Amino acid sequence: MEKNQIYIKCGTEYKEMTKELLTVCDLAGLIGNRNSRIGIKPNLVSPTVASYGGTTHPEVVAGILEYLQENEFTNLTMMEGSWVGDRTSEAYEVCGYKELSEKYGVPFIDTQKEKAVVKDCAGMELHLCACVENVDFMINVPVLKGHCQTKITCALKNMKGLIPNFEKRRFHSLGLHKPIAHLAAGIYQDFIVVDNICGDLDFEDGGHPVVMNRILAGRDPVLMDAYVCHMMHYEVSEVPYVVMAEQLGAGCADIHKAEICLCSKGDAEPMPKSRKVVELQDAVEEVESCSACYGYLIPALDMLREEGLFERLEEKICIGQGWRGKTGELGIGHCTRNFRCHLDGCPPTEQQIYEFLKNYLLS
């Protein structure tokens, strides 16, 4: 498989689809040494089942594990850490990875509990989870989905699960795009298997799944994300970390250089446009907010819109670390605790935000 190739397979037998895709790509040949230490990184952002649109389908990872074991690779490890505000241990069970670990005899590392190591990532020092340094071949298994702050999340942003929570918070204070790009230079992804089965095209943790029933595979995470931008009707320039990652030498962001290989009969269905986040963002004054806090706010606003209450909102909602120690009218999260009306929590849940804002609007 060439570095510029992206393979796509459609269907509903997700485990078998994955194995067939890896066979076509000759993943075994790419890895080579049967003694290689192989890390497998799914997306378990929160404890929600994959059909909700936010987490990697366990059937896809099962296909990877079976393929590798059938090809005599035995030194396998799954590794992931949920976003700040949720526990990986809960997602590990709810998302079906405890069952995977037991069935295939493959250990799972909760990176929220890992020690951190400092690494120079193309001129930016970042804290990485120690387990990253013990991998010879990294297989990234992200979900193709939208994101309320970066528009898309796929191969590059999925590596955030391999940094400690305090570094995740710092990423947001740095503006997300620059540190994500440098992280791409610090953690080399050898192979990417993208779960494009039913990702939510607006919200990172799911809730509005869009069924596409396909899996993508490639070797260049930057090119993969550039192609995802194209699929989701964005220009690559609209997602700055993709362009920055290319500039740092992490891959190619020119989708015209991609060779798209369909492994199924017929063309893959185009994605619908979805812009709920864009429509709701004008109501928010966000400064350095964490993904979980902001990610719970936007769906809560969508719920208010569906009830016809969103239009009553006249005050901007403040959220994020940048509001610490400051005062204002309406704030979400512990960072706005000095505001006249605020909802505490780090982060508060989507339901709590919805109920708080509904009471605020109705009163």
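Thresholds, definitions, all that
- Residues numbered from 1 in each chain as written.
- Predicted model: local features only at pLDDT ≥ 70, side-chain atom pairs only at ≥ 80, totals over all residues.
- Heavy atoms only, no water.
- Helix = DSSP H or I, 4+ residues; strand = E, 2+ residues; numbered from the N terminus.
- Contact = heavy atoms within 4.5 Å.
- Areas by Shrake-Rupley, 256 points an atom, 1.4 Å probe, with all protein chains shown as cover.
- Lys, Arg positive; Asp, Glu negative; His and termini not counted.
- Charge placed at Lys NZ, Arg CZ, Asp CG, Glu CD.
- Core = buried A, V, L, I, M, F, W, Y, C linked by side-chain atoms within 4.5 Å.
- Buried < 20%, exposed > 50% of the residue type's maximum accessible area, 1.4 Å probe, protein only.
- Phe/Tyr/Trp six-rings, centres within 6.5 Å; stacked < 30°, edge-to-face > 60°.
- Salt bridge = Lys/Arg side-chain N within 4 Å of Asp/Glu carboxyl O.
- Axes fitted to C-alpha atoms, helices over the stretch in contact; angles between N-to-C directions.
- Parallel < 35°, antiparallel > 145°, perpendicular 65-115°, else oblique.
- Left-handed = near helix turned anticlockwise from the far one by under 90°.
- Nonpolar A, V, L, I, M, F, W, Y, C, P; charged D, E, K, R; others polar.
- Pairing = 2+ DSSP bridges.

Engineer: Help me understand the overall build of the protein chain, please; the structure alone is not making it clear to me.
Structural biologist: A count of helices and strands for the protein chain gives 12 helices and 16 strands. For the protein chain, the spread of C-alpha atoms along the three principal axes comes to 65 × 45 × 40 Å. Within the protein chain, counting contacts between residues at least 6 apart in sequence, those at least 24 apart form 72% of the total. Total accessible area computed for the protein chain in this model is approximately 14500 Å², and 46% of it derives from carbon and sulfur atoms. For the protein chain, the distance from the average position of its 36 positive side-chain charges to the average position of its 52 negative side-chain charges is 3 Å.

Engineer: Teacher, can you tell me more about unusual backbone geometry here?
Structural biologist: Note that the residue after cysteine 346, namely proline 347, is joined by a cis bond; omega there is 0°. The phi torsion at lysine 151 lies on the positive side, around 75°, for a residue other than glycine. Within the fold, lysine 151 resides in strand β9 (residues 151-153).

Engineer: Looking at this structure, I do not really get the nonpolar core. What am I missing?
Structural biologist: In summary, soluble globular proteins display a tendency toward joint burial of nonpolar side chains. Residues Ile152, Leu156, Leu183, Ile187, Leu216, Met232 and Val242 are the most contacted members of the largest nonpolar core, which totals 52 residues. Considering every element that reaches this core, the biggest residue donor is helix α8 (residues 221-231), with eight residues. Ignoring sequence-local partners within four residues, the contact set of leucine 156 consists of Ile180, Ala184, Gln189, Pro221, Val222, Asp225, Tyr241, Val242 and Ala245. With 41 residues, the next largest nonpolar core counts Leu22, Tyr97, Ile139 and Ile215 among its residues.

Engineer: Help me understand the environment of isoleucine 152 in this model?
Structural biologist: Topologically, isoleucine 152 is positioned in strand β9. The buried category is assigned to isoleucine 152, whose relative accessible area is 0%. Distance in space between the C-alpha atoms of isoleucine 152 and glutamate 238 is 9.7 Å, their sequence separation being 86 residues. Contact partners of isoleucine 152, with chain neighbours within four places excluded, come to Lys145, Gly146, His147, Asp225, Val228, Cys229, Met232, Tyr234, Val239 and Tyr241.

Engineer: Any chance you could explain the packing of aromatic side chains here in plain terms?
Structural biologist: Two numbers describe a pair of aromatic rings. These are the distance of the centres and the angle of the planes. Within the structure shown, the criterion is met by four aromatic pairs. With a centroid separation of 4.7 Å and 40° between ring planes, the pair formed by tyrosine 92 and phenylalanine 108 is classed as tilted. Residue tyrosine 92 is located in helix α4 (residues 88-94), and its partner phenylalanine 108 is located in strand β4 (residues 108-110); the two are separated by 16 residues in the primary sequence. Using a relative accessible area of 16% as the deciding quantity, one classes phenylalanine 108 as buried. Three or more aromatic residues joined by ring pairs make a cluster, and in this case those are Tyr92, Tyr97 and Phe108.

Engineer: Looking at this model, I keep getting lost on the pattern of salt bridges. Mind explaining?
Structural biologist: As a working rule, side chains carrying opposite charge can pair if their charged atoms are close by. Overall, the coordinates contain 13 salt bridges when judged by the stated rule. Of the charged contacts in the structure, one is a salt bridge between aspartate 302 and arginine 305, with a shortest N-O distance of 2.6 Å. Separated by three residues within a single helix, aspartate 302 and arginine 305 lie in helix α11 (residues 291-306), roughly one turn from each other. On the basis of relative accessible area, aspartate 302 is assigned to the buried category, the value being 1%. Classification of arginine 305 as partly exposed rests on a relative accessible area of 24%. One network of salt bridges, with partners in common, ties together Lys15, Lys19, Glu66 and Glu70.

Engineer: Would you take a moment to explain the packing of α11 against helix α12 (residues 350-362) for this structure?
Structural biologist: Geometrically, a packed helix pair is captured by the angle between its two axes and the distance between the axes. Where α11 contacts α12, the two axes come as close as 8 Å, and the packing angle between them is 50°. Considering the angle they form, α11 stands oblique to α12. At the point where α11 passes α12, the crossing takes the right-handed sense. Residues Cys293, Tyr296, Leu297, Pro299, Ala300, Leu301, Met303 and Leu304 of α11 pack against Glu350, Gln351, Ile353, Tyr354, Leu357, Lys358 and Leu361 of α12. Per-class residue counts for the contact of α11 with α12 are 12 nonpolar, one polar and two charged.

Engineer: Looking at this model, I keep getting lost on the sheet that holds strand β1 (residues 5-10). Mind explaining?
Structural biologist: The strands that make up a sheet are held in pairs by hydrogen bonds between backbone atoms, and each pair lies either parallel or antiparallel. A sheet is described by the order of its strands in space; here eight strands give the open sequence β4-β3-β2-β7-β10-β11-β1-β12, paired in mixed fashion. With partners counted over all chains shown, the strands left at the sheet margins are β4 and β12 (259-262), one partner each. Pairs of neighbouring strands in the sheet enclose a mean axial angle of 20°, with direction left out of account. As paired elements, strand β2 (residues 38-42) and strand β3 (residues 76-80) share three bridges and run parallel to each other. Bridge pairing in β3 links isoleucine 40 to methionine 78. Sitting on the sheet, helix α5 (residues 97-104) is in contact with β2, β3 and β4, with an inclination near 170° to β3.

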